[in-house]
Amino acid sequence: MSTPSSPLRRRITKVSYPWVQKLHAAPKLTLPGITLVLALVGVFAPVPVGVPALVLLALLLGWLAFLSWPAVTTGPRFLRIFSILVILLFAVSRIATG
């Protein structure tokens, strides 16, 4: 893994380390399970519960994308950004349609 270059990246990486360590120590299906639960709640729950679940899912994926950004190439970077944007646009559409 490459070393973080900016002070912000170093700080976020340092603060995130205990959480990443806990996720790594958890059973392998923990992170996919959390992702699935947040997505299902975001899609099927009423708007006051679903939208925060979608925003939380986007934040989780954004955090993981930020941490892994130096280690991935352009293609996966685009897909990560695209998936986060799709989740946020779906949250906005849920708000708009009420």
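Above: the structure in question.
Residues numbered from 1 in each chain as written. Predicted model: local features only at pLDDT ≥ 70, side-chain atom pairs only at ≥ 80, totals over all residues. Heavy atoms only, no water.

K.L.:
Can you lay out the environment of Pro52 for me, pointing to particular residues and giving the numbers?
P.N.:
Topologically, Pro52 is positioned in helix α3 (residues 47-68). You can call Pro52 partly exposed: its relative accessible area is 45%. In sequence terms Pro52 and Pro7 are 45 residues apart; their C-alpha atoms lie 30 Å from each other. (Helix = DSSP H or I, 4+ residues; strand = E, 2+ residues; numbered from the N terminus. Buried < 20%, exposed > 50% of the residue type's maximum accessible area, 1.4 Å probe, protein only.)

K.L.:
An account of the nonpolar core is needed here, citing residue identities and associated values.
P.N.:
Membership of the largest hydrophobic core is limited to ten residues, which are Leu38, Val51, Ala53, Leu54, Leu57, Ala58, Ala65, Ile84, Ile87 and Ala91. Those elements that provide at least two residues to this core are α3 and α4 (74-97). At six residues, the largest contribution of residues to this core is made by α3. The contact partners of Ala91, leaving out residues within four places of it in the chain, are Val51 and Leu54. (Core = buried A, V, L, I, M, F, W, Y, C linked by side-chain atoms within 4.5 Å. Contact = heavy atoms within 4.5 Å.)

K.L.:
Would you mind going over the layout of surface pockets in detail, with residue names and values included?
P.N.:
Of the volumes computed, that of the largest pocket is approximately 270 Å³. Lining the largest pocket, in full, are Val20, Leu23, His24, Ala26, Pro27, Lys28, Thr30, Leu31, Leu64, Leu67 and Ser68. Of all the secondary-structure elements, those providing two or more residues to the lining of the largest pocket are α1 (7-25), α2 (30-44) and α3. Class assignment of the residues belonging to the lining of the largest pocket gives a composition of seven nonpolar, three polar and one charged. (1 Å grid on protein atoms, 1.4 Å probe; cavity = no way out; pocket = protein on both sides within 12 Å on 5 of 7 lines; lining within 4 Å. Points joined across faces, edges and corners; volume = space filled by probe spheres on them. Nonpolar A, V, L, I, M, F, W, Y, C, P; charged D, E, K, R; others polar.)

K.L.:
Hey, could you go over a nonpolar patch on the surface for me, with residue numbers and the actual values?
P.N.:
Taken together, the side chains of Val55, Leu56, Leu59, Ile81, Leu85 and Leu88 present a nonpolar region at the surface, about 510 Å² in accessible area. Mapped onto the elements, Leu56 comes out in helix α3. (Patch = residues over 30% accessible without salt bridge, like charges linked within 9 Å, V, L, I, M, F, W, Y side chains within 5 Å. Areas by Shrake-Rupley, 256 points an atom, 1.4 Å probe, with all protein chains shown as cover. Salt bridge = Lys/Arg side-chain N within 4 Å of Asp/Glu carboxyl O.)

K.L.:
Quick rundown of the environment of Leu40? Include the residues and the values.
P.N.:
Checked against the element boundaries, Leu40 lands in helix α2. Sequence spacing of Leu40 and Leu8 is 32 residues, and the spatial spacing of their C-alpha atoms is 33 Å.

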